[in-house]
Amino acid sequence: MENTGPSTKQGATFLVVANRLPVDRIVREDGKVDWQTAPGGLVTALEPVMKQRGGAWVGWHGAPDEEVEAFEHDGYTVEPVPLSAEEVEEYYEGFSNATLWPLYHDAVAFPEFHREWFDAYERVNQRFAERAAEVAADGASVWVQDYQLQLVPRMLRELRPDLNIGFFLHIPFPPMELFQQLPWRRQIIEGLLGSDLVGFQMPGGASNFLRLVRRRTEHKVDRDRAIVKRNGDHECVARAYPISIDSKSFSDLAQAEETKAEAQELLEELGHPSMIVLGVDRLDYTKGLRQRVRAMGELFEEGKLDPNEVVFLQIATPSRERVEEYRRLRDDIDLLVGRINSQIGGVGRPPIVYRHQSFPRATLAAMYQLADIMLVTPLRDGMNLVAKEYLACHSGPDGALVLSEFAGAARELRQAYMVNPYDLDGMKEAIMHAATDPQREKRRRFRALKKQVAENDISKWADRFLSDLDDHGKGPARGKTSADETPSMHFVDGEQTSQG
Ligand code: ADP
Ligand code: G6P
């Protein structure tokens, strides 16, 4: 792929660059090609931002060995980047999801280090940078996303010094002690430092990063910024921007007549239990599913929850199924649920209803509506949007959120029933509080939680980040909100040059 160079005259003034596109290309059994919503919180969060701002979304379309043409989608351009089967194995499943993912999540699974995986990561990051450089207009704002593309900011700056480059990490940024294990730590730090602004979910992520820059590089750190010395100086600011959801769309969806009808059908299917406890996750070992299922199983076994009255509905989207740890988790949960269901309850509906599949968003909204208690108990999570979706969707006055203190969301959602997911007894106690607390107490907590999510939605998050990028980059972040008068200025590491 050839770089079109800094003199590009047309193209998008606002770009998102992410490993995932909002939609995955799939081939149905009858051979028909179709597109479906891609999994995960990144897509849930960024889709409404792109719909509102327009521009281009550069990313992989989810299938190996396929070149797909750019196309229009929901008011913006989708720019698919191809990956070979080998790259999927080494860059995506390997370095991204078997090295970085576990390392950044407190090493809750053992990170694997392989040189050829990093080589593929570098190669693919270069490809994403080149595609973004081709597609971006003069002085455009380019927003690079997540751990799969940490080398892109520097590569992009080298290709197109005129761009405003932002980066947001959706997962935790680990403490220095853990990050230092990474044999390629220098490249990753320098990669991120190519940005004008790096966003983290939590202030702790930003300070972990700046501490590393101070200790491990020759660049100076001053308060919340690094002064990057390379071909002239530029500043890279590091701050926290806790992500959210399109709260209103979720609550509107939950209030729609069709969703209410679907909730009624679901209730019927579940046999009208008096209490529904819900879990909704990507099937990922960071989500604490083993511990959660065990805790619920024990509550049933001990008779604290009556299997004739209470149902635990756990749904889990298939995820990264060719990575060993994920396969193991899938088998473990199948076994665990099977064992509990075979030992508890009568011959009717089992106490745990477990579905290993993806559901349409409207069905999720119906489930959130029905859930008396929502269990969000990850061992570690950057934010966890499911917690926020539940709060936006559940309209009853006395829902209850049981939330892990190791989810980013715990910092904002303080009125939740907090748990340490490693502490099974503590988790069981918190679930029982959520089940039995007086209505007044539950309502008080729930009202405050709902308010937090209604007031802090995804557009606020994007506006905050992009306006800071305006301030620290080289000009206004673009998109439909400020697209029209595009000044064609280039800054080459601090020096301003006019581009006609
Ligand atoms: P992560 O990004 O790690 O998957 P989040 O909780 O932030 O975690 O985001 C998960 C997203 O995936 C949410 O938007 C949620 O609605 C969606 N999701 C989770 N489980 C399912 C499912 N079974 N079917 C469809 N969507 C799901
Ligand atoms: C998390 C990550 C995203 C990722 C999503 C789904 O939200 O932060 O970058 O897209 O999980 O995972 P997948 O590997 O299917 O893209």
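Residues numbered from 1 in each chain as written. Chains lettered and ligands numbered in written order. Predicted model: local features only at pLDDT ≥ 70, side-chain atom pairs only at ≥ 80, totals over all residues. Heavy atoms only, no water.

### Considering the overall build of the chain
Part 1 of the reasoning: Of the regular secondary structure elements, the chain holds 16 helices and 20 strands.
Part 2 of the reasoning: Projected onto its principal axes, the C-alpha positions of the chain cover 75 × 50 × 45 Å.
Part 3 of the reasoning: Relative to its 500 residues, the chain shows a buried fraction of 59%.
Part 4 of the reasoning: Relative to all contacts within the chain whose residues are 6 or more apart in sequence, the contacts with residues 24 or more apart total 73%.
Part 5 of the reasoning: Accessible surface, the chain: about 20200 Å² in total, of which carbon and sulfur atoms supply 46%. (Helix = DSSP H or I, 4+ residues; strand = E, 2+ residues; numbered from the N terminus. Buried < 20%, exposed > 50% of the residue type's maximum accessible area, 1.4 Å probe, protein only. Contact = heavy atoms within 4.5 Å. Areas by Shrake-Rupley, 256 points an atom, 1.4 Å probe, with all protein chains shown as cover.)

### Topic: helix 8 (residues 247-255)
Part 1 of the reasoning: Taken together, the buried positions of helix 8 are occupied by Ser247, Phe250 and Ala254. What you see down the axis of helix 8 is that its buried residues fit within an arc of 70°, all on one side.
Part 2 of the reasoning: Where helix 8 is buried, its residues contact helix 1 (41-53), helix 9 (257-269), helix 12 (361-370), helix 13 (385-393) and helix 15 (439-455). (Arc of directions from axis to C-beta.)

### Section: helix 2 (residues 85-104)
Part 1 of the reasoning: For helix 2, spanning 20 residues, the distance from its first C-alpha to its last is only 25 Å, which falls clearly below the expected 28 Å at 1.5 Å a residue.
Part 2 of the reasoning: At Gly94, helix 2 shows its largest kink, close to 40°.
Part 3 of the reasoning: Among the 20 residues that make up helix 2, 17 are buried, leaving the element largely enclosed by the rest of the structure. (Expected span 1.5 Å × (residues − 1). Bend = angle between axes of the 7 residues up to and from the residue.)

### Looking at the sheet that holds strand 1 (residues 12-20)
Part 1 of the reasoning: Pairing in this open sheet of 10 strands is mixed, and the strands run 5-6-4-1-7-8-9-12-11-10 from one edge to the other. The outermost strands of the open sheet, each flanked by one partner alone, are strand 5 (71-73) and strand 10 (220-222). Going across the sheet, the axis of each strand differs from the next one's by a mean of 25°, ignoring polarity.
Part 2 of the reasoning: Across four bridges, strand 1 lies against strand 4 (residues 56-60) in parallel orientation. Each residue of the ladder has a partner; that of Val17, found in strand 4, is Val58. (Pairing = 2+ DSSP bridges. Axes fitted to C-alpha atoms, helices over the stretch in contact; angles between N-to-C directions.)

### Quick look at empty space enclosed by the protein
Part 1 of the reasoning: Taken as a whole and judged by the stated rule, the model has one cavity of 30 Å³ or more.
Part 2 of the reasoning: Approximately 30 Å³ is the volume attributed to the largest cavity.
Part 3 of the reasoning: Around the largest cavity, the lining residues are Gly399, Ala400, Leu401, Gln415, Ala416, Tyr417, Lys442, Arg445, Phe446 and Leu449.
Part 4 of the reasoning: Looking at the lining of the largest cavity, the elements with two or more residues in it are strand 17 (400-404) and helix 15.
Part 5 of the reasoning: Counting residues per element, the lining of the largest cavity draws most heavily on helix 15, which supplies four residues.
Part 6 of the reasoning: In terms of residue class, the lining of the largest cavity is built from six nonpolar, two polar and two charged. (1 Å grid on protein atoms, 1.4 Å probe; cavity = no way out; pocket = protein on both sides within 12 Å on 5 of 7 lines; lining within 4 Å. Points joined across faces, edges and corners; volume = space filled by probe spheres on them. Nonpolar A, V, L, I, M, F, W, Y, C, P; charged D, E, K, R; others polar.)

### Examining unusual backbone geometry
Part 1 of the reasoning: In the Ramachandran plot, Asp65 falls in the positive-phi region, its phi being about 55° despite a non-glycine side chain.
Part 2 of the reasoning: Note that Asp65 resides in the loop between strand 4 and strand 5.
Part 3 of the reasoning: In this structure Asp65 comes out as exposed when scored by relative accessible area, which is 57%.
Part 4 of the reasoning: Positive phi, close to 90°, is recorded for Asn384, a residue that is not glycine.
Part 5 of the reasoning: The topology assignment puts Asn384 in the loop between strand 16 (373-376) and helix 13.
Part 6 of the reasoning: Looking at Asn384, the relative accessible area reads 7%, which means it is buried.

### A look at the site of ligand 2
Part 1 of the reasoning: Close to ligand 2 lie 14 residues; Arg20, Tyr92, Asp146, Gln148 and Arg320 are nearest.
Part 2 of the reasoning: Taking Tyr92, its side chain carries an N or O atom lying 2.5 Å from an oxygen atom of ligand 2.
Part 3 of the reasoning: In the environment of ligand 2, an oxygen atom lies 2.8 Å from a nitrogen or oxygen atom belonging to the side chain of Arg320.
Part 4 of the reasoning: Contact with the protein chains hides 94% of the accessible area of ligand 2, taken as 370 Å² for the molecule alone.
Part 5 of the reasoning: Partitioned by chemical class, the residues of the shell around ligand 2 number six nonpolar, four polar and four charged. (Near = heavy atom within 4 Å. Polar contact = N/O pair within 3.5 Å; in protein donor to acceptor, adjacent residues only side chain to side chain.)

### With respect to the site of ligand 1
Part 1 of the reasoning: Ligand 1 sits among 18 residues. The nearest are Gly41, Thr44, Arg282, Thr317 and Glu389.
Part 2 of the reasoning: Separating a nitrogen atom of ligand 1 from a backbone N or O atom of Asp281 is a distance of 3.5 Å.
Part 3 of the reasoning: Between ligand 1 and Thr317 there is a distance of 2.8 Å, counted from a nitrogen atom to a side-chain nitrogen or oxygen.
Part 4 of the reasoning: Against a free-state accessible area of 570 Å², the protein chains account for coverage of 89% of ligand 1.
Part 5 of the reasoning: If you list the elements that add at least two residues to the shell around ligand 1, you get helix 1, strand 13 (275-282), strand 14 (310-317), helix 12 and helix 13.
Part 6 of the reasoning: Residues belonging to the shell around ligand 1 are distributed by class as follows: seven nonpolar, seven polar and four charged.

### Some thoughts on the sheet that holds strand 17
Part 1 of the reasoning: The sheet built from six strands is open, its strands ordered 15-14-13-16-17-18 with parallel pairing. Single-partner strands in this sheet number two, and they are strand 15 (352-355) and strand 18 (417-419). In this sheet, adjacent strand axes meet at a mean angle of 20° when their direction is disregarded.
Part 2 of the reasoning: Taken together, the two bridges between strand 13 and strand 16 define a ladder with parallel strand orientation. When the sheet's bridge partners are listed, Leu278 is paired in strand 16 with Met374.
Part 3 of the reasoning: Helix 10 (residues 289-301) contacts strand 13, strand 14, strand 15 and strand 16 of the sheet and is inclined by roughly 165° relative to strand 14.
Part 4 of the reasoning: Set on the sheet, helix 12 makes contact with strand 13, strand 14 and strand 16; between it and strand 13 the angle comes to about 140°.

On their own, these measurements won't tell you what the molecule is for.
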